[in-house]
Structures are given as structure tokens and as C-alpha cells.
Amino acid sequence: MHAVILAGGKGVRLRPYTTALPKPLVPIGDQHAILEIVMRQLAGAGFTTCTIAIGHLGHIIRAYVGNGSQWGLRVGYATEDSPLGTMGPLLTMLDRLPEHFLVMNGDILTDLDFSAVLRSHERSDSPLTIATYARTVAIDFGVLTTEGGKVVGFAEKPSMDYRVSMGVYGLSRSTLNGYTPGLPLGFDELVLDLLKAETPPAAYEFDGYWLDIGRPDDYDRANAEFTTRRPALLKGV
């Protein structure tokens, strides 16, 4: 099984932590970087090869990960000379990828079984499988429904339930045929194109632990929770 880790972003929302370090290498707990946790999880799930898409401070990621042998993985790299979006980096490495592979952001903390996502994708006839997570969003205002210049409905500080993308996908190489290597391609653009073509992505619903470490508050929470979550995140380590 093969995984592609997207690690080329600048981590602007996580500054100042990412001023000197790429976001996937910020420490979690006393001993581990986020990327190390991900690499250990992939190896434990049965993945043998991995490509890391790097850009901003990518030389530091190369120096840290090397060839991946310390985790039992064979790691290669794809370098973004300019930002290519979420899916754009994949277009530059298509000839090196198997027909079905996992794609994931390099800055998420989760006990999701990555191999289960890829196996689910392989069994489906969908061009893309998106790991999804339930989120409840609290609205801090009274919400009005208006029609014809009149208020026809009101809810005081309601909560709204959504399923959101976890930043983990099962993808088929053939899904990316027709897109131009070297041009940006976002996850949003790909999904909208698939919906327009009436070839919708599959959803892999997950209700375990997931944290997208995108903001300082998320990073602080990850460190606060890591000690209790470690047995599930790093099985056998």
C-alpha cells in the first residue's frame, strides 16, 4: 500500500510555531513530531511506501524523515516549486503512483485506520473516497429566516451538524486524468468536478479521534490530550 503525505504548506495559521519549522514537524508531547506519528501509524497499518510532497522548509522534512527506513517505510519526495493546492502535487508524480493510493494532510492527529480507508476505496467504484467526521457548530447569534422582506422563522443560538472532510482520502490515479501537471488543483475543484460529472465521491464515516492541527488553539489541545490519547495513536510504541 502506498500513501502520499501533503506537507508543502506554509502553516500560516499556526504561526509563530511554524516560523522556523514546517507544520508537520511541530512537536506533540515530549518526544514526537506530528509527521513521525503519522509515519508510525502508516507503517503499523501495513503501508510500505510513501511519497511526501514538500515545499516550504522542505529540506528540514527531508533531513528529519530521510528514506523512512527508521519506521519500516520507503519514502520518496515530490517538490512544489510554487503552491499547487491540495491535489495539484499529485499530478507531478502520477507516473510513480499505483492505481489506488491514500492521500492525507501531514498535520492531522487521529486514530483512524488508514488502511481501512484505502481498502474501502478499492472495493468501491468511486473515483474518490473522503474520510468524514461529524462536527457540531454552535451559532452565537439568533438566526433569522427571511422571505419577502419579512421574518418567517427564528432560532436562538442554534447548533448545526455537519460532516466535514478529515483531510484523508482514497484516490484512484485515473481520477486525475485530464488535469494538467504543474497547474494548481484544489480538493474543492476536484470534488465539484466529480459532482458535475455525476461521479460522486464515496464517504468513509469515522467517529473516533480526529484533530486538525491548523491553529494555535488546536495545537495546544493536541498537546494537552496527547498523553491520554497516546496508546490509541501510537499502538505498541
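The notes below deal with the structure included here. Fair warning: this is a prediction, and the values are worked out from it, not measured in the lab.

Definitions and limits used
Residues numbered from 1 in each chain as written. Predicted model: local features only at pLDDT ≥ 70, side-chain atom pairs only at ≥ 80, totals over all residues. Heavy atoms only, no water. Helix = DSSP H or I, 4+ residues; strand = E, 2+ residues; numbered from the N terminus. Rg over C-alpha atoms; globule rule 2.2 N^0.38 Å. Buried < 20%, exposed > 50% of the residue type's maximum accessible area, 1.4 Å probe, protein only. Contact = heavy atoms within 4.5 Å. Arc of directions from axis to C-beta. Phe/Tyr/Trp six-rings, centres within 6.5 Å; stacked < 30°, edge-to-face > 60°. Polar contact = N/O pair within 3.5 Å; in protein donor to acceptor, adjacent residues only side chain to side chain. Pairing = 2+ DSSP bridges. Axes fitted to C-alpha atoms, helices over the stretch in contact; angles between N-to-C directions.

Here's the deal with the overall build of the chain
Stage number 1. Across its full length, the chain carries six helices and 13 strands.
Stage number 2. For 237 residues, the compact-globule estimate of 2.2 N^0.38 gives 18 Å, and the C-alpha radius of gyration of the chain, at 19 Å, lies within 12% of that figure.
Stage number 3. Based on the C-alpha atoms only, the size of the chain along its principal axes is roughly 65 × 45 × 35 Å.
Stage number 4. Of all 237 residues assigned to the chain, the portion counted as buried reaches 45%.
Stage number 5. By sequence separation, contacts in the chain at least 24 residues apart represent 73% of the contacts at least 6 residues apart.

Thoughts on unusual backbone geometry
Stage number 1. One non-glycine residue, K157, adopts positive backbone phi at about 45°.
Stage number 2. Its location among the elements puts K157 in the loop between β10 (150-156) and β11 (159-172).
Stage number 3. One non-glycine residue, E198, lies in positive phi territory at about 60°.
Stage number 4. Counting through the fold element by element, E198 comes out in the loop between α5 (187-196) and β12 (202-206).
Stage number 5. Classification of E198 as exposed rests on a relative accessible area of 71%.

Some details on helix α2 (residues 58-65)
Stage number 1. Within the sequence span of α2, burial applies to G58, I61 and V65. Looking down the long axis of α2, one finds its buried residues gathered within 55° of arc, a one-sided arrangement. Facing away from the buried side of α2, by more than 90 degrees, are the exposed residues H59 and A63.
Stage number 2. Packed against the buried residues of α2 are β1 (2-7), α1 (34-44), β4 (49-54) and β5 (74-79).

So, the packing of aromatic side chains
Stage number 1. Counted according to the given criterion, the structure contains four aromatic pairs.
Stage number 2. Plain terms: the ring middles of Y133 and W210 are 5.3 Å apart, the flat faces sit at 50° to each other, and that makes the pair tilted. With a gap of 77 residues between them, Y133 in strand β8 (residues 128-138) and W210 in strand β13 (residues 210-212) connect regions that are remote in the sequence. The residues Y133 and W210 share a single accessibility class, namely buried.
Stage number 3. Aromatic ring contacts, followed pair by pair, group Y133, F206 and W210 into a single cluster.

Regarding α1
Stage number 1. The element α1 is extensively covered by neighbouring structure, given that eight of its eleven residues are classed as buried.
Stage number 2. Those residues of α1 not exposed but buried are I34, L35, E36, I37, V38, M39, Q41 and L42.
Stage number 3. At the C-terminal side of α1, G46 shows a positive phi close to 105°.

With respect to the side chain of S172
Stage number 1. By secondary structure assignment, the location of S172 is in strand β11.
Stage number 2. Classification of S172 by relative accessible area gives buried; the value is 6%.
Stage number 3. Side-chain polar atoms of S172 contact the side chain of H100, separated by 2.9 Å.
Stage number 4. A polar contact is formed between the side chain of S172 and the side chain of H121, at a distance of 2.8 Å.

Things to note about the sheet that holds β1
Stage number 1. If you walk across this open sheet you meet the seven strands as β5-β4-β1-β6-β11-β8-β12, and the pairing is mixed. Lying at the two open borders of the sheet, with one neighbouring strand each, are β5 and β12. Each neighbouring strand pair of the sheet contributes to a mean axis angle of 30°, computed without reference to strand direction.
Stage number 2. Inspection of the sheet shows β1 paired to β4 by six bridges, in the parallel sense. Its bridge partner lying in β4, I5 is registered against I52.

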